[in-house]
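# Residue-level structure breakdown
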Amino acid sequence: VREKDSISQLFFFHIEFTDRILEDCRKLFVRDGRRFSSIKLLSCTGKTPDIVTLMMDHSSTQALTVSNCELPTLHAINEALRTNQSLKVLRISASTMIEGTDCLDGLVVNNTLQELDLCGSHLSQCAIDCLSKTLQQQNKGLRTLKLDGCDLEDHAMASVLKSVVNHATLTTLDLSNNAASSEALEMVASLIAQNQQLLNLSINCLRFSDDLDPSIMFQAIAALQNNTTLESLDISGNRLTNDAVLGLCKCLSRNETLRCLDISDAGVDEDGIELVARYLPRFMGIKELNLSENDLTEQGARSLLDGLQNNRLLQSLGPIEEDFKCSCHIEHYLDLNLAGRRAFQNDISLAVWPHLLARTAMADLSCGRNENALFSLLRGPALFER
């Protein structure tokens, strides 16, 4: 590593850091002044806290990943966050136990960290309270917060959501694979209704309690109608009734900013697919609607095809593995939308044609689909007679 300046990442796996390794790292970070875009410490032992302090104190990296680390290492990271000005991404994962305030309170004074990823770690209520306090105090640099699979219960979920409702910089939030009930879903509704910064929200595969009030879910769906900032929403893996699917369809008929909605593996039956197909022509902004791993039948696919003929925005229905008689026709209309079919609804300048056709030719489609889309666009007005 010391002889090759081109190396930009360091990866330590199952290393027991000794005094000798620590001294070699000191020469690398301090004497040589080397900087790395990413450093990973996975399942390391020994003097790991000293290594963390060394690299953080000398601004040796912009992205640090640690996994299966012990409490002293967490303390070292926390203390270093108080003064470090270079770290942009911090990932602590793989069954790490984060239990006390002295593991996260360094975030309160840190304004340079942009992404905090704690996916797969166990967060105690005490740690959640500390994290929520940090978020409420408007940590100015944070853009992304990932808490996927952190053993959060309903109240913990609600605490995090409440702390980011008015956050000024957070754009991506992932709370998937945690437990949720009425309190958490009420805060999801408040977040969608009030937050003006969040672009990406993932709450897939939640473990709902048996006593969940179904009306709370509809509050969150209704809030989506008037949201003007959210661009991507992942609620896959959560069971959706047909009433919930209908609510989502009505939202997509009014919401002009949401571009991606993932409702894969959501238990949507044939009637639910029919609802989606019926509302397809009314959708205002959605470009990617993932319907994979639902109960899609031949009749449902045919209904989707009928709806797509009058939808000029949707470009993907997700990785649907079933092969239906009308699959190639569905792909055809999706390809045309990707190529810019919407632009041909009205007369366009001749100068724009080369750009649209070039985009079609360069689209990453399977064999023959680029040419098919080009041919259809060149047919002109006949494409839009329906």
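Everything discussed here concerns the structure shown above.
Residues numbered from 1 in each chain as written. Predicted model: local features only at pLDDT ≥ 70, side-chain atom pairs only at ≥ 80, totals over all residues. Heavy atoms only, no water.

What follows covers the overall build of the protein. When you go through the protein residue by residue, the secondary structure sums to 13 helices and 17 strands. Burial status across the protein gives 52% buried among its 386 residues. Excluding contacts between residues fewer than 6 apart, the proportion of contacts in the protein whose partners are at least 24 apart in sequence is 82%. Here the protein has roughly 18,100 Å² of accessible surface; of this, 48% comes from carbon and sulfur atoms. (Helix = DSSP H or I, 4+ residues; strand = E, 2+ residues; numbered from the N terminus. Buried < 20%, exposed > 50% of the residue type's maximum accessible area, 1.4 Å probe, protein only. Contact = heavy atoms within 4.5 Å. Areas by Shrake-Rupley, 256 points an atom, 1.4 Å probe, with all protein chains shown as cover.)

Our focus in this paragraph is the nonpolar core. One finds L41, L64, L147 and L173 to be the most contacted residues of the largest nonpolar core, which totals 112 residues. At seven residues, helix α6 (residues 182-194) tops the list of elements feeding residues into this core. Each residue touching L173, except ones within four places of it in the same chain, is listed here: L145, L161, V164, L191, L198, N200, L201 and S202. (Core = buried A, V, L, I, M, F, W, Y, C linked by side-chain atoms within 4.5 Å.)

The subject of this paragraph is helix α5 (residues 154-164). When you tally the buried positions in α5, you get nine out of eleven residues, the bulk of the element. Among the residues of α5, D154, A156, M157, A158, S159, V160, L161, S163 and V164 are the ones counted as buried. Where α5 is buried, its residues contact α4 (125-136), β10 (144-146), β11 (172-174), β12 (179-180) and α6.

Now for the packing of α6 against helix α7 (residues 214-224). Working note: a packed helix pair is described by the angle between its axes plus the distance between those axes. At a closest axis distance of 8 Å, the pairing of α6 and α7 adopts a crossing angle of 10°. Between α6 and α7, the crossing angle belongs to the class labelled roughly parallel. Contacts between α6 and α7 involve S182, L185, E186, V188, A189, I192 and A193 from the first element and I216, M217, Q219, A220, A223 and L224 from the second. (Axes fitted to C-alpha atoms, helices over the stretch in contact; angles between N-to-C directions. Parallel < 35°, antiparallel > 145°, perpendicular 65-115°, else oblique.)

So, about the side chain of S236. Looking at the secondary structure, you find S236 in the loop between β15 (232-234) and α8 (242-252). Its relative accessible area of 9% is what places S236 among the buried residues. For S236, the side chain forms a polar contact with the side chain of D234, separated by 2.7 Å. (Polar contact = N/O pair within 3.5 Å; in protein donor to acceptor, adjacent residues only side chain to side chain.)

With that settled, the discussion passes to the pairing of strand β5 (residues 63-67). By the criterion of burial, β5 is predominantly enclosed, with five of the five residues buried. Going residue by residue along β5, you find A63, T65 and S67 tucked away on one face and L64 and V66 tucked away on the opposite face as well. Of the strand pairs in this sheet, strand β3 (residues 38-42) and β5 are connected by four bridges, and their pairing is parallel. What sits directly across from L42, in β5, is S67. (Pairing = 2+ DSSP bridges.)

This paragraph deals with the environment of D154. You can see D154 is positioned in helix α5. Judged by its relative accessible area of 18%, D154 falls in the buried class. Separated by 24 residues in the primary sequence, D154 and N178 have C-alpha atoms spaced 8.2 Å apart. Once residues within four sequence positions are removed from consideration, D154 is found in contact with A179, A180, S181, S182, E183 and A184. For D154, the side chain forms a polar contact with the main-chain nitrogen of S181, separated by 2.7 Å.

Our focus in this paragraph is the sheet that holds β15. Spatially, β1-β3-β5-β6-β8-β10-β11-β13-β15-β16-β17 is the arrangement adopted by the eleven strands of the open sheet, whose pairing is parallel. For this open sheet the edge positions go to β1 (9-13) and β17 (288-290), each flanked by a neighbour on one side alone. The mean inter-strand angle of the sheet, taken between neighbouring strand axes irrespective of direction, is 5°. Of the strand pairs in this sheet, β10 and β11 are connected by three bridges, and their pairing is parallel. Note on β11: the bridge partner recorded for L145 is L173.

Moving on, we get to unusual backbone geometry. One non-glycine residue, H14, lies in the positive phi region at around 55°. Using a relative accessible area of 56% as the deciding quantity, one classes H14 as exposed. Even without being a glycine, N68 presents a positive backbone phi close to 50°. Along the chain, the position of N68 falls in the loop between β5 and α3 (71-81). Residue class for N68 comes out partly exposed when judged on its relative accessible area of 37%.

The next subject is the pairing of β3. The buried fraction of β3 is high, at four of five residues. Looking at chain direction, β1 and β3 are connected through five bridges and run parallel. From the neighbouring strand, F11 faces β3, where its bridge partner is K40.

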